[in-house]
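# Summary of the model geometry
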Amino acid sequence: MKKRAHVGRRTFITASAVTALAGCTSQGSDTTDAGTSSSSTSTESSTSSPGTNENGDTERRRTETIVSVGSVVKDDTLAMVVREVTTEDKLSEFRDAEEGKTFAVIRMAVKNRGTEFIDFEDFLDASVVDGENQTYDPSVSSPDHPIRSGVLAPGEVVRGDMVFEVPKGTHGLSLRLDFESFTSFRFKQVTVSLGKKADSIADLKQSLDDVLSSGEKASRGSVSVIVHGVRTTKQLNEITDAADGHEFVVPDIEITNGGDERLLVSTLLQMHVKTGAGLAYTADIGASSGLKQPLNESSDIESGESHRGELAYQVETGTKPLYWAFNFLEADEPYKGFWKLR
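In this report, the structure presented in the accompanying data block is examined. Not measured: the values here are computed from a predicted model.

Further remarks concern the packing of aromatic side chains. The tally for this structure, following the rule as stated, stands at 7 aromatic pairs. Relative to Trp339, the ring of Trp324 lies with its centre 5.5 Å away and its plane at 50 degrees, an arrangement referred to as tilted. Taken together, the positions of Trp324 in strand E30 (residues 322-327) and Trp339 in strand E31 (residues 336-340) put the pair 15 residues apart, joining distant regions of the chain. Residue classification places Trp339 among the buried positions, given a relative accessible area of 0%. Relative to Phe328, the ring of Phe326 lies with its centre 4.8 Å away and its plane at 80 degrees, an arrangement referred to as edge-to-face. Judged on exposure class, the residue Phe326 and its partner Phe328 are both buried. Members of the aromatic cluster, each reached through a chain of ring pairs, are Phe117, Trp324, Phe326, Phe328, Tyr335 and Trp339.

In structure tokens form, the structure reads like this:
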């Protein structure tokens, strides 16, 4: 029996070796990008000067920092900013907050400022802490745009939401992000005071390299992918219309398994439509199932075979630019391909 090559096995954040970090800041805009400046003051609990470990090797001390909403935290590897905090009693038609509670929805942007692809699944080590030191874990309710990427390419921005269910009237909320497992980042912990805003809200600008056009192929290891074309429509069939203010973007995709083992691909884990600002959309599985030739939601591709089909993504009408992204999660090193849809 042939062994199946599974994908989606990445951990929180890992990265290949990065050179010593310099010129770090934890406030204001990401000056590499066209971000908005911010005058929020941050607090760091230790310096970033080198130390020595028990083996006598030089190592960089890592810091902790406290910032306000709108302030960028960055080094040569990563930059991040909390841009907005809202409260919602209802996330969707099927998900209401429990009685006496509300959803705190935190919109973030994260950018890979390095030159290497890195694994970036999501903020698994995130929590919200209130003024009484009560801690809240992320809600099991998934927002429309989760802060998730799988692989973060050089210059790529991932933008999305984290959701926490907290008691109504809770004050003094802070978002706590722990980076103990991401040793390449200068900060081992970042705390964002959610009740405080910077004078202006900074942003991060996406700057993608090596974007492909329709008909061009991207390959890593034994897997190759082509986007043959894309169409846009308000109506997929007689019973499937896009919501008001939205349209379906439908790329025609072909995935080839050139390896010796069966390959499992996943539309949820590996394939997204992304905006120029980094907001990601997953395929509308219900709508995609009504296509004449849909790409299966999760499908085995036998050795030497190809699967070709369409996926339907529902996005705001006229959103431009738009990219289709594929995470080559089965590759030896993290890699993601981008195709410009429009």
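This paragraph deals with unusual backbone geometry. Negative phi characterises most residues that are not glycine, and trans characterises most peptide bonds. Along the chain, Lys320 connects to Pro321 via a cis peptide bond; the corresponding omega equals 0 degrees. Looking at the secondary structure, you find Pro321 in the loop between strand E29 (313-316) and E30. Even without a glycine there, the phi angle at Asn133 is positive, about 70 degrees. Residue position: Asn133 is located in the loop between strand E13 (126-129) and strand E14 (135-136). Judged by relative accessible area, Asn133 falls into the exposed class, the value being 57%.

All right, on to the pattern of salt bridges then. Side-chain pairing between opposite charges can occur once the charged atoms of the two side chains come close. For the structure on display, the rule yields 14 salt bridges. The partner of Lys168 in a salt bridge is Asp89, and the shortest N-O contact between them spans 3.7 Å. One end of the pair, Lys168, is in the loop between strand E16 (157-167) and strand E17 (174-178); the other, Asp89, is in the loop between strand E8 (78-88) and strand E9 (90-92), and 79 residues separate them in sequence. Residue classification places Asp89 among the partly exposed residues on the basis of a relative accessible area of 43%. Between Lys336 and Glu156 there is a salt bridge, with its nearest N and O atoms 2.8 Å apart. Residue Lys336 is found in strand E31, and its partner Glu156 is found in the loop between strand E15 (150-152) and E16; the two are separated by 180 residues along the sequence. Assigned by exposure class, Lys336 and Glu156 land together as buried. Look at the salt bridges and you will find they share partners, linking Arg83, Arg159 and Asp203 into a network.

Definitions and cut-offs
Residues numbered from 1 in each chain as written. Predicted model: local features only at pLDDT ≥ 70, side-chain atom pairs only at ≥ 80, totals over all residues. Heavy atoms only, no water. Phe/Tyr/Trp six-rings, centres within 6.5 Å; stacked < 30°, edge-to-face > 60°. Helix = DSSP H or I, 4+ residues; strand = E, 2+ residues; numbered from the N terminus. Buried < 20%, exposed > 50% of the residue type's maximum accessible area, 1.4 Å probe, protein only. Salt bridge = Lys/Arg side-chain N within 4 Å of Asp/Glu carboxyl O.

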